Amino acid sequence: MNRRSLLATGGLALAAPIAPATRPAVRTGMDRLAADGWAAVKGERVGVVSNPTGVDREYRHLVDRMHADGVTIGGVFGPEHGFRGSAQAGGSEGTGTDARTGLTVYDAYLATQEKWERMFTAAGVRTVVFDLQDVGARFYTYIYTLYDSMAAAARLGLRYLVLDRPNPTGGHAYGPMMTDGYTSGVGRLKIVQQHGMTIGELARFYNGEFLSAGVDLEVITCRGWHGRLTAHDLDLPWVLPSPNMPTPDTALVYPGTGMFEGVSALSEGRGTTRPFELIGGPDFDYRWRDRVAALDLPGVEFREAYFTPTFGKFTGQLCAGVEVKVTDPAAYDPIRTAVGMLVEARREPAFTWRVDGTRYWIDLLTGSPRLRTMVDAGACADDVTGAWAGELAAFERRRRPYLLYPRPGK
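Residues numbered from 1 in each chain as written. Predicted model: local features only at pLDDT ≥ 70, side-chain atom pairs only at ≥ 80, totals over all residues. Heavy atoms only, no water.

1. Observations regarding the pattern of salt bridges
For step 1, the next point in the chain: Within the structure shown, the criterion is met by 33 salt bridges.
For step 2, the next point in the chain: With a closest N to O distance of 2.7 Å, Asp180 and Lys190 form a salt bridge. Separated by 10 residues along the polypeptide, Asp180 in the loop between β7 (174–177) and β8 (192–194) and Lys190 in the loop between β7 and β8 bring together distant segments of the chain.
For step 3, the next point in the chain: We classify Asp180 as exposed; its relative accessible area is 60%.
For step 4, the next point in the chain: A cluster of three or more residues bridged by salt bridges with shared partners is formed by Asp56, Glu58, Arg60 and Arg65. (Salt bridge = Lys/Arg side-chain N within 4 Å of Asp/Glu carboxyl O. Helix = DSSP H or I, 4+ residues; strand = E, 2+ residues; numbered from the N terminus. Buried < 20%, exposed > 50% of the residue type's maximum accessible area, 1.4 Å probe, protein only.)

Now the structure itself:
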């Protein structure tokens, strides 16, 4: 397969309906580049932006394979949690030398575009290769690693190659839009809360919508994926993208239950073995679970749960709440589900929003004060989610030209 066909061929042909018991074989962008003998980067000095998720189905890492096969790597760039994934939330591994390959690994967490330029220049790279597993939520930081490194590459005149991977939560978008005045490290760009794009599609969207000077962008697409497939449907191995994203179950709920980081009265399950699936607090009890279960939300059930976090909110304290159990990913709406949970939690006397300085954290996570003020005013979940229907539809239209894979109906 030549370079032109490798880069141009996408997953646009949708096969026959997939039987529930079948796990379709998917080839990632990395799989396809490796099978082509690294032809798209032969003779190039490359910089690789990656972490432990950049592996093939035998768990061999992209950097290790390219290095062993003689591809010239000028440097490796590790995002939040680090290249080898050892750092907790809000941390990195620093800059140093990779023990296996001897390559310089640059600390790229929280790097500005100017710092990216300096790192790319120091590494002497001419092509940037990006291979990271995203989880599809606006407040997951890898999508800003992508954006800033693309912007820096554009200013330096570098080529940018994205090795695409499936979005583990599927290809449908949900939730509210980011608005002016509420951007932060957990939401820097005007996209909806669950963007429903692969990292390659998102790169195309950035290039067309946000970068004033586009980068020389190429995407090596996946084969065998479409927008109704989640990580549970695929034969790909799961590597936790971050320490608190241990399973595909976590990824499914995270775009919704990640909002509980904005509630000071409830733990979002950090410090347990089921982060973002276990939600509870010391001043809650079985009654919250009963009210949430009575909402009869599609594709999900709620188990009455008790847990004691080992770090994070309420370390060492017994918390009562729920475990979110997704029963049908095709019917499940993570953000609608979490809004229902928030509405019922707000009825508890102990409920409080998290405030950092003068800002409500929930406003930064959801992109505006609207959700918070509506919940405070006693709005039901349908009214809250209905408030963003227009902006979600507009985002769907805006992203359509950049999509690489089919989006069959739910």
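Picking up after the structure, the text goes on.
2. Some remarks on the environment of Thr121
For step 1, the next point in the chain: Its place among the elements puts Thr121 in helix α4 (residues 113–123).
For step 2, the next point in the chain: Thr121 sits in the exposed class, given a relative accessible area of 52%.

3. Things to note about helix α5 (residues 142–156)
For step 1, the next point in the chain: In a regular helix each residue adds 1.5 Å, so 15 residues correspond to 21 Å; α5 covers 21 Å between its end C-alpha atoms and thus fits that length.
For step 2, the next point in the chain: The buried count for α5 comes to 13 of 15 residues, which makes it a mostly enclosed element. (Expected span 1.5 Å × (residues − 1).)

4. Some words on the environment of Thr272
For step 1, the next point in the chain: Position of Thr272 among the secondary structure elements: in the loop between α7 (248–257) and β10 (278–281).
For step 2, the next point in the chain: Under the relative-accessibility criterion, Thr272 is labelled buried at 18%.
For step 3, the next point in the chain: Considered as a pair, Thr272 and Thr308 are 36 residues apart in the sequence and their alpha carbons are 7.4 Å apart.
For step 4, the next point in the chain: Reaching out from Thr272, the side chain makes a polar contact with the backbone oxygen of Gly269 at a distance of 2.7 Å. (Polar contact = N/O pair within 3.5 Å; in protein donor to acceptor, adjacent residues only side chain to side chain.)

5. Points about a nonpolar patch on the surface
For step 1, the next point in the chain: On the surface, a cluster of nonpolar side chains totalling about 340 Å² of accessible area is made up of Tyr286, Tyr306 and Leu318.
For step 2, the next point in the chain: With respect to the secondary-structure elements, Leu318 resides in the loop between β11 (300–307) and β12 (319–326).
For step 3, the next point in the chain: Judged by relative accessible area, Leu318 falls into the exposed class, the value being 55%. (Patch = residues over 30% accessible without salt bridge, like charges linked within 9 Å, V, L, I, M, F, W, Y side chains within 5 Å. Areas by Shrake-Rupley, 256 points an atom, 1.4 Å probe, with all protein chains shown as cover.)

6. Focus: the sheet that holds β11
For step 1, the next point in the chain: Overall, antiparallel pairing links the 3 strands, which are arranged β10-β12-β11 in an open sheet. Edge positions in the sheet fall to β10 and β11, since each of these pairs with one other strand and no more. Pairwise comparison of adjacent strand axes, ignoring direction, gives a mean angle of 25 degrees for this sheet.
For step 2, the next point in the chain: Here 8 bridges tie β11 to β12, and the two strands are oriented antiparallel to one another. Within β12, the position partnered with Glu301 by the bridge is Lys325.
For step 3, the next point in the chain: Packing of helix α9 (residues 334–345) onto the sheet brings it into contact with β10, β11 and β12, and relative to β11 it is tilted by some 50 degrees. (Pairing = 2+ DSSP bridges. Axes fitted to C-alpha atoms, helices over the stretch in contact; angles between N-to-C directions. Contact = heavy atoms within 4.5 Å.)

7. Overview of the sheet that holds strand β5 (residues 127–131)
For step 1, the next point in the chain: Sheet architecture is open: 7 strands sit in the order β3-β4-β2-β1-β5-β6-β9, paired in mixed fashion. Whereas interior strands pair on both sides, the edge strands pair on one side only; in this sheet they are β3 (96–97) and β9 (216–220).
For step 2, the next point in the chain: Sheet topology places β3 next to strand β4 (residues 104–107); 2 bridges connect them, and they run antiparallel. By the bridge assignment for β4, Thr97 is matched with Thr104.
For step 3, the next point in the chain: On top of the sheet, helix α6 (residues 199–209) reaches β5, β6 (159–163) and β9; it is set at about 160 degrees to β9, its chief contact.

8. Let's talk about the nonpolar core
For step 1, the next point in the chain: Ranked by internal contacts, the top residues of the largest apolar core, which has 98 residues, are Leu146, Tyr160, Trp288 and Leu371.
For step 2, the next point in the chain: Among the elements that make up this core, the one with the highest residue count is α5 (10 residues).
For step 3, the next point in the chain: Residues contacting Tyr160, with those up to four places away along its chain left out, are Val128, Phe130, Leu146, Ser149, Met150, Ala153, Val215, Asp216, Leu217 and Glu218.
For step 4, the next point in the chain: The next biggest cluster of nonpolar side chains, apart from the first, holds 21 residues, and it includes Ile73, Val76, Leu103 and Leu161. (Core = buried A, V, L, I, M, F, W, Y, C linked by side-chain atoms within 4.5 Å.)

9. Some thoughts on the packing of aromatic side chains
For step 1, the next point in the chain: Enumeration over the complete set of coordinates arrives at 18 aromatic pairs.
For step 2, the next point in the chain: Between Tyr140 and Tyr142, the aromatic rings sit 5.0 Å apart at their centres with planes inclined by 70 degrees, giving edge-to-face as the arrangement.
For step 3, the next point in the chain: You can call Tyr140 buried: its relative accessible area is 6%.
For step 4, the next point in the chain: Under the relative-accessibility criterion, Tyr142 is labelled buried at 1%.
For step 5, the next point in the chain: Counting every residue linked through ring pairs, the aromatic cluster contains Tyr147, Phe205, Tyr206, Phe210, Phe395 and Tyr402.
For step 6, the next point in the chain: For the cation-ring pair, Arg354 lies above Trp361, with the distance from its terminal atom to the ring centre recorded as 4.3 Å. (Phe/Tyr/Trp six-rings, centres within 6.5 Å; stacked < 30°, edge-to-face > 60°. Lys NZ or Arg CZ within 6 Å of the ring centre and 35° of its normal.)

10. Here's the deal with the side chain of Ser368
For step 1, the next point in the chain: Among the secondary structure elements, Ser368 is positioned in the loop between α10 (361–366) and α11 (370–376).
For step 2, the next point in the chain: Judged by its relative accessible area of 9%, Ser368 is buried.

Purely geometric numbers; function is a separate question.
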